[in-house]
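For reference, the chains in residue letters:
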Amino acid sequence: MRATQDPVAVEIRHRAESLPDLAALAAVLPGCTACPELVATRHCVVVGATPAGARLLLMGEAPGAQEDLTGQPFVGRSGQLLDRLLADVGIDRSAVAILNTVKCRPPANRPPTAVESRRCRGWTERQLDLIDPAVVVPLGLSATRWFLGPTTLSAARGRVHEVQGRRVLPTYHPSAALRWGPGGEPERLLRADLAEALRLAA
Ligand code: URA
């Protein structure tokens with residue numbers, strides 16, 4: 001089903017576009033009831049980190065267990081690795097915007113469904129427009145496809161894509177770096193891509 005044929009997705013998009021700023025979005029998002037299974041199982045809607053004036057935005061897929069409990073993006077094991085890699089390349093995490101394509105944790109860490117992804121897109125696109133970062137880094141395949149459509153990470157990573165006037169630099173998800181272990185290729189390339197994103201955003 002296309003987004004324009006899903007009345008819930010259409011309503012969310014209209015609602016999101018009517019909201020004037022990030023504070024208004026953050027006030028409304030916790031009341032979202034668009035995805036029944038996520039609403040029934042979530043503890044928190046993870047709105048994301050949206051510091052004023054962020055030039056760099058990291059996009060994950062969806063919150064995990066720790067994020068669902070705390071309401072903050074990337075605070076579990078992936079987040080801890082991300083923190084280390086950001087520090088390695090001299091990025092101040094508190095100045096970086098961090099969103100997820102879907103804002104509620106899918107149960108048992110399953111991937112978000114196409115319906116969930118479509119419905120949350122209106123919220124996430126409005127956040128992106130309001131933050132208006134110079135550079136966006138999708139973390140992992142799912143966030144990369146959210147921007148680019150069907151692709152593979154090996155085809156998309158390692159170059160800058162222009163998406164609706166925005167520079168998009170796809171890279172590995174920190175969970176891939178955790179799976180491969182310290183010093184593995186995903187960790188090395190993720191660190192290098194974060195450094196490149198910092199350079200591009202300067
Ligand atoms: N993985 C994600 O994609 N996002 C989070 O916030 C945490 C883990």
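Worth saying up front: this structure is predicted, and the values here are computed from it rather than measured.

Q: What is the right way to read the state of the cysteines from this model?
A: Linking two cysteines covalently through their sulfur atoms gives a disulfide. Scanning all chains against the criterion turns up zero disulfides. Cys32 takes part in no disulfide bond, and the closest cysteine sulfur, belonging to Cys35, lies 6.2 Å away. What makes Cys32 buried here is its relative accessible area of 15%. Looking at the unpaired Cys120, the closest cysteine sulfur is the one in Cys104, lying at 6.4 Å.

Q: Just checking my understanding: could you explain the nonpolar core for this structure?
A: The tendency in soluble globular proteins is for nonpolar side chains to be buried side by side. Within the largest apolar cluster, 22 residues are counted, with the highest numbers of intra-cluster contacts made by Leu58, Val135 and Leu194. Of all the elements in the fold, those that place two or more residues in this core are strand S1 (56–60), helix H5 (77–88), strand S3 (135–138) and helix H10 (185–201). Residues within four places of Val135 in sequence aside, it is in contact with Arg55, Leu56, Leu57, Arg167, Ala197, Leu200 and Ala201. Grouped together as the second largest cluster of nonpolar side chains are 18 residues, Leu29, Ala34, Val45 and Val102 included.

Q: Looking at this model, I keep getting lost on the site of the ligand. Mind explaining?
A: All residues adjacent to the ligand are Gly60, Glu61, Ala62, Glu67, Pro73, Phe74, Asn100 and His173. One of the backbone N or O atoms of Phe74 is found 3.0 Å from an oxygen atom in the ligand. Surface burial for the ligand is 92%, taken as the share of its 240 Å² of free accessible area covered by protein chains. One can see that the ligand is located within the largest pocket. For the shell around the ligand, the per-class residue count stands at three nonpolar, three polar and two charged.

Q: Please clarify how the packing of aromatic side chains should be interpreted in this entry.
A: Centre distance and the angle of the planes are the two values used to describe a pair of aromatic rings. Within this structure, the stated rule accounts for one aromatic pair. Centroid distance Trp146 to Phe147: 4.9 Å. Interplanar angle 75°. Geometry classified as edge-to-face. Across the pair, Phe147 and Trp146 agree in class, each one buried. Above the plane of the ring of Trp146 lies Arg121, whose end atom (NZ or CZ) is 4.2 Å from the centre.

Q: Explain empty space enclosed by the protein here, please?
A: In this approach a probe as big as a water molecule rolls over the atoms, and the regions it shows empty are the leftover space. For the coordinates displayed, the defined rule picks out one cavity of 30 Å³ or more. Here the largest cavity is characterised by a volume of approximately 110 Å³. What lines the largest cavity is a set of 15 residues, and nearest its centre among them are Cys32, Cys35, Arg42, Cys104 and Cys120. Broken down by element, the lining of the largest cavity gets its largest block of residues, three residues, from helix H6 (residues 114–131). Considering only residue class, the lining of the largest cavity consists of twelve nonpolar, no polar and three charged.

Q: Explanation requested: the pattern of salt bridges in the structure shown.
A: Enumeration according to the criterion identifies 15 salt bridges in this entry. For the salt bridge of Arg13 with Glu17, the shortest nitrogen-to-oxygen distance reads 4.0 Å. Remark: Glu17 and Arg13 occur in helix H1 (residues 7–18); sequence separation between them is four residues, near one turn of the helix. Here Glu17 falls in the partly exposed class, since its relative accessible area comes to 48%.

Q: Honestly, the sheet that holds S3 in this entry has me stumped. Any pointers?
A: What holds strands together in a sheet is hydrogen bonding between their backbones, with the strands either parallel or antiparallel. A sheet is described by the order of its strands in space; here five strands give the open sequence S2-S1-S3-S5-S4, paired in mixed fashion. Across the chains shown, the open sheet's two edge strands, defined by having one partner strand only, are strand S2 (97–100) and strand S4 (161–163). Between one strand and the next, the sheet's axes are offset by a mean angle of 30°, whatever the strand orientation. As paired elements, S1 and S2 share four bridges and run parallel to each other. Each bridged residue has a counterpart across the sheet, and for Gly60 the counterpart in S2 is Asn100.

How each quantity is defined
- Sequence order sets the numbering: in each chain, residues are counted from 1 along the sequence as written.
- Two thresholds apply to this predicted model, a pLDDT of at least 70 for residue-level local features and 80 or more for giving and counting side-chain atom pairs, whereas whole-chain, interface and lining totals are computed over all residues.
- The side-chain figures draw on all heavy atoms in the structure; neither hydrogens nor water molecules are used.
- Note on terminology: disulfide denotes any pair of cysteine sulfur atoms within 2.5 Å.
- Exposure classes here rest on a 1.4 Å probe applied to the protein chains alone. A residue is buried below 20% of its type maximum, exposed above 50%, and partly exposed in between.
- Residues grouped as a nonpolar core are buried Ala, Val, Leu, Ile, Met, Phe, Trp, Tyr and Cys residues, joined through side-chain atoms within 4.5 Å.
- Numbering of helices and strands runs from the N terminus, with a helix taken as a DSSP run of H or I at least four residues long and a strand as a DSSP run of E at least two residues long.
- Here, two residues are considered to be in contact whenever any of their heavy atoms come within 4.5 Å of each other.
- The criterion for a residue being near a molecule or strand is simple. One of its heavy atoms has to lie within 4 Å of it.
- Nitrogen and oxygen atoms within 3.5 Å of one another constitute a polar contact, given that in protein one can donate a hydrogen and the other can accept it, and given that sequence-neighbouring residues count only through two side-chain atoms.
- Residue-level accessible areas treat just the shown protein chains as cover; the underlying method is Shrake-Rupley with a 1.4 Å probe.
- Here a cavity denotes grid points, spaced 1 Å and computed from the protein atoms alone, that fit a 1.4 Å probe unable to get out, and a pocket denotes an open set having protein on both sides within 12 Å along at least 5 of 7 lines; residues with an atom within 4 Å of a point are the lining.
- Cavities and pockets are treated as containing a molecule whenever more than half of the molecule's atoms lie within 2 Å of their grid points.
- Basically, the charged four are Asp, Glu, Lys and Arg, the nonpolar ten are Ala, Val, Leu, Ile, Met, Phe, Trp, Tyr, Cys and Pro, and anything else, Gly included, counts as polar.
- Only the six-membered ring of Trp is used, alongside the rings of Phe and Tyr, when aromatic pairs are assigned; centres must lie within 6.5 Å, and planes under 30 degrees apart are stacked while those over 60 apart are edge-to-face, with the rest tilted.
- Over a ring means this: the NZ of a Lys or the CZ of an Arg is within 6 Å of the ring centre and within 35 degrees of the ring normal.
- Grid points are joined across faces, edges and corners, and a volume is the space filled by probe spheres set on the points.
- In the sections that follow, a salt bridge refers to a side-chain nitrogen of Lys or Arg positioned within 4 Å of a carboxyl oxygen of Asp or Glu.
- Any two strands with at least two DSSP bridges between them are considered paired.
- Here the axes come from fitting lines to C-alpha atoms, over the contacting stretch only for helices, and the angles between their N-to-C directions go from 0 to 180 degrees.

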